[in-house]
Amino acid sequence: MPTATTPDLDLAPWVWWVTIGVAAAILLFDVVMIARRPHRPSTREVSVALAVYVGAAVLFGLGMWVFAGGQLAGEYFAGWLTEYSLSVDNLFIFLLIMAKFAVPEKLQQFALMVGIVIAIILRGIFIAVGAAAINNFSWVFYIFGAFLIYTAVKLAKEGESDDDEFEENRFMKFMEKRFPATKEYDGTKLFSKETGKRLATPLFFVILALGTTDLLFALDSIPAIYGLTREPYIVLVANLFALMGLRQLYFLIGGLLKKLIYLSVGLAVLLAFIGVKLLLHALHENTLPFINGGKKLESIPEIPIAVSLGAIVVILGVTTIASLWRTRRHPELIDD
């Protein structure tokens with residue numbers, strides 16, 4: 001967590017609007033192009049697009065290093081890597097949603113794209129709420145830290161999940177009861193007419209499932225990235241880069257996901273690390289009257305962003321290598 005000496009980003013309003021405008025234009029272009037020609041993208045297509053998004057994310061971070069300094073650039077890279085790693089966990093659930101609704105391959109890209117747009121809008125709201133809470137209530141770091149540690153313990157207990165079905169949440173069940181639906185897909189249409197009645201297509205519910213499921217993941221990821229930076233702009237951009245390349249990642253590493261058998265454990269360690277970092281910062285900046293008489297515990301050490309970035313890289317690297325090594329020696333773990 002940034003210390004008192006951390007430089008603040010003093011951005012003009014137009015920087016925010018340009019950032020949001022460029023992201024909106026790219027997303028709109030993607031949605032329109034995919035809707036006009038729904039198809040399963042080739043490996044080359046998704047590889048090139050993913051390389052562009054990752055390259056742009058890295059260039060943005062290097063630009064921050066030049067214009068805003070190493071501290072804020074480090075916060076951005078740590079936040080982006082954390083959001084990206086948590087987004088990879090989303091992909092497994094996305095695969096289950098596609099299987100649950102038997103989405104045709106040529107429509108999966110469109111469903112993912114619209115679902116991601118919904119997720120970005122909802123996360124934007126979460127980011128704004130989180131920023132307001134942090135600016136007005138420093139004790140919110142206690143809540144964020146405790147929640148992340150609780151989530152980490154829960155995730156670690158799940159371990160190598162064998163769940164192969166998607167369980168609909170209450171919102172989805174309500175929507176399915178509220179909207180009469182057809183059983184057949186009608187291209188990229190969300191609604192179609194049958195016997196003179198306007199009915200929702202299965203694609204409508206697929207997109208809702210993708211968007212609302214990502215919102216649940218945001219309950220972990222937004223507090224996690226606020227454990228690495230207090231700059232809402234960095235939080236926003238890191239989330240944009242993580243989510244905008246998620247569609248390509250879905251098609252590129254769908255098979256690889258089955259090999260990442262220790263992903264849940266790795267993410268649990270990552271969330272626990274950030275949770276502890278948040279609690280240390282909360283104690284360092286303490287204002288709660290029942291802790292040290294409401295005084296700051298300045299003797300409590302804080303974890304520098306360089307250490308955080310290194311820890312994130314090591315945790316994700318060890319998780320990936322250990323998963324691939326184990327599945328290579330025991331291929332039956334993938335086939336189950």
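Each value, and the rule that gives it
- Residues numbered from 1 in each chain as written.
- Predicted model: local features only at pLDDT ≥ 70, side-chain atom pairs only at ≥ 80, totals over all residues.
- Heavy atoms only, no water.
- Helix = DSSP H or I, 4+ residues; strand = E, 2+ residues; numbered from the N terminus.
- Buried < 20%, exposed > 50% of the residue type's maximum accessible area, 1.4 Å probe, protein only.
- Areas by Shrake-Rupley, 256 points an atom, 1.4 Å probe, with all protein chains shown as cover.
- Lys, Arg positive; Asp, Glu negative; His and termini not counted.
- Charge placed at Lys NZ, Arg CZ, Asp CG, Glu CD.
- Salt bridge = Lys/Arg side-chain N within 4 Å of Asp/Glu carboxyl O.
- Axes fitted to C-alpha atoms, helices over the stretch in contact; angles between N-to-C directions.
- Parallel < 35°, antiparallel > 145°, perpendicular 65-115°, else oblique.
- Left-handed = near helix turned anticlockwise from the far one by under 90°.
- Contact = heavy atoms within 4.5 Å.
- Nonpolar A, V, L, I, M, F, W, Y, C, P; charged D, E, K, R; others polar.

A.B. asks: Got a minute to help me understand the overall build of the protein chain in this structure?
C.D. replies: A count of helical and extended segments in the protein chain gives 13 helices and two strands. C-alpha atoms of the protein chain, sized along the principal axes, occupy 70 × 50 × 40 Å. When burial is assessed residue by residue, the protein chain has 47% of its 336 residues classed as buried. A total accessible area of about 17100 Å² is found for the protein chain, and carbon and sulfur atoms account for 65% of it. Placing the 28 positive and 29 negative side-chain charges of the protein chain at their respective mean positions leaves the two points 6 Å apart.

A.B. asks: Help me out: how do you make sense of the pattern of salt bridges in this one?
C.D. replies: As enumerated under the stated definition, the model contains four salt bridges in all. With its nearest N and O atoms 3.9 Å apart, the salt bridge here joins K189 to D186. Residue D186 is classed as partly exposed on the basis of its relative accessible area of 31%.

A.B. asks: Please explain the packing of helix 1 (residues 13-36) against helix 4 (residues 105-136) as it appears in this structure.
C.D. replies: Any two packed helices are characterised by the angle at which their axes cross and by the distance between the axes. The geometry of helix 1 relative to helix 4 is characterised by a closest axis approach of 9 Å and an angle of 155 degrees between their N-to-C directions. Relative to helix 4, the element helix 1 is oriented roughly antiparallel. The way helix 1 lies across helix 4 gives a crossing that is left-handed. Listed contacts from helix 4 to L27, D30, V31, I34 and A35 of helix 1 are Q109, F110, M113, V114, V117 and I120. Among the residues forming the contact of helix 1 with helix 4, the class breakdown is nine nonpolar, one polar and one charged.

A.B. asks: Could you clarify how one ought to interpret the side chain of T19 in this entry?
C.D. replies: With respect to the secondary-structure elements, T19 resides in helix 1. Under the relative-accessibility criterion, T19 is labelled buried at 17%.

A.B. asks: Sorry, what's going on with unusual backbone geometry here?
C.D. replies: When glycine is set aside, most residues are seen to have a negative phi, and most peptide bonds are trans. A positive phi angle, near 45 degrees, is found at A102, a position not held by glycine. Take A102: it is sitting in the loop between helix 3 (70-100) and helix 4. With relative accessibility at 55%, the residue A102 sits in the exposed group.

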